[in-house]
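Examining the three-dimensional arrangement
Given next are the chains, with one letter for each unit.
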Amino acid sequence: YSHNIQDSHAIWFCQVMIGCQECILCSRLQNTSYCIRNKQYSPQEYIIEKNSILQNKSRFDDYANELDFVKSNQ
């Protein structure tokens, strides 16, 4: 569900990420960790939010469509 990811891991519903880890619903970040919607969290807060987001599988298509919307407007 991500686009244009380089040297990153544990990335969900993100685009244009370089050197990042543990990010969800983010765009255009470099060397960043534990972010949701481009906001950085503590590792503990991030895990709680991540679990909540990823448990709701019925929203995955909505999240992917958000990326497509952002991508088409850049």
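Above this text is the structure in question.
Before going into details, it helps to say that this report is about the structure given with it. (Residues numbered from 1 in each chain as written. Predicted model: local features only at pLDDT ≥ 70, side-chain atom pairs only at ≥ 80, totals over all residues. Heavy atoms only, no water.)

Let us look at the nonpolar core. Judged by nonpolar contacts, Phe-13, Ile-24, Leu-25, Ile-36, Tyr-46, Ile-53, Leu-54, Phe-60 and Tyr-63 together constitute the single largest core of nine residues. Broken down by secondary-structure element, the contributors of at least two residues to this core are α1 (43-55) and α2 (60-72). Among the elements that take part in this core, α1 stands out by supplying three residues, more than any other. Setting aside residues up to four positions removed in sequence, Ile-53 forms contacts with Ile-24, Leu-25, Ile-36, Phe-60 and Tyr-63. Ile-11, Met-17, Leu-29 and Cys-35 belong to the second largest nonpolar core, which has eight residues in total. (Core = buried A, V, L, I, M, F, W, Y, C linked by side-chain atoms within 4.5 Å. Buried < 20%, exposed > 50% of the residue type's maximum accessible area, 1.4 Å probe, protein only. Helix = DSSP H or I, 4+ residues; strand = E, 2+ residues; numbered from the N terminus. Contact = heavy atoms within 4.5 Å.)

Across all of its chains, the model carries two aromatic pairs by this definition. Taking the centre distance of 6.4 Å and the plane angle of 40° together, the rings of Trp-12 and Phe-13 count as tilted. Here Trp-12 falls in the partly exposed class, since its relative accessible area comes to 31%. (Phe/Tyr/Trp six-rings, centres within 6.5 Å; stacked < 30°, edge-to-face > 60°.)

Strand direction decides the pairing type here: strand β2 (residues 9-12) and strand β4 (residues 21-24), joined by three bridges, are parallel. Paired with His-9 across the two strands is Gln-21, which belongs to β4. Here β4 runs beside strand β6 (residues 33-36); their pairing, made up of three bridges, is parallel. Among the inter-strand pairings, Cys-23 is bridged to a residue of β6, identified as Cys-35. (Pairing = 2+ DSSP bridges.)

Turning our attention to the pattern of salt bridges. For the structure on display, the rule yields two salt bridges. A salt bridge links Lys-50 to Glu-22; its shortest N-O distance comes to 3.0 Å. Placement of the pair is Lys-50 in helix α1 and Glu-22 in strand β4, with a sequence separation of 28 residues. Taking the shortest distance from any N to any O, the salt bridge between Arg-59 and Asp-62 comes out at 3.3 Å. Take Arg-59: its relative accessible area is 31%, and that puts it in the partly exposed class. Judged by its relative accessible area of 38%, Asp-62 is partly exposed. (Salt bridge = Lys/Arg side-chain N within 4 Å of Asp/Glu carboxyl O.)

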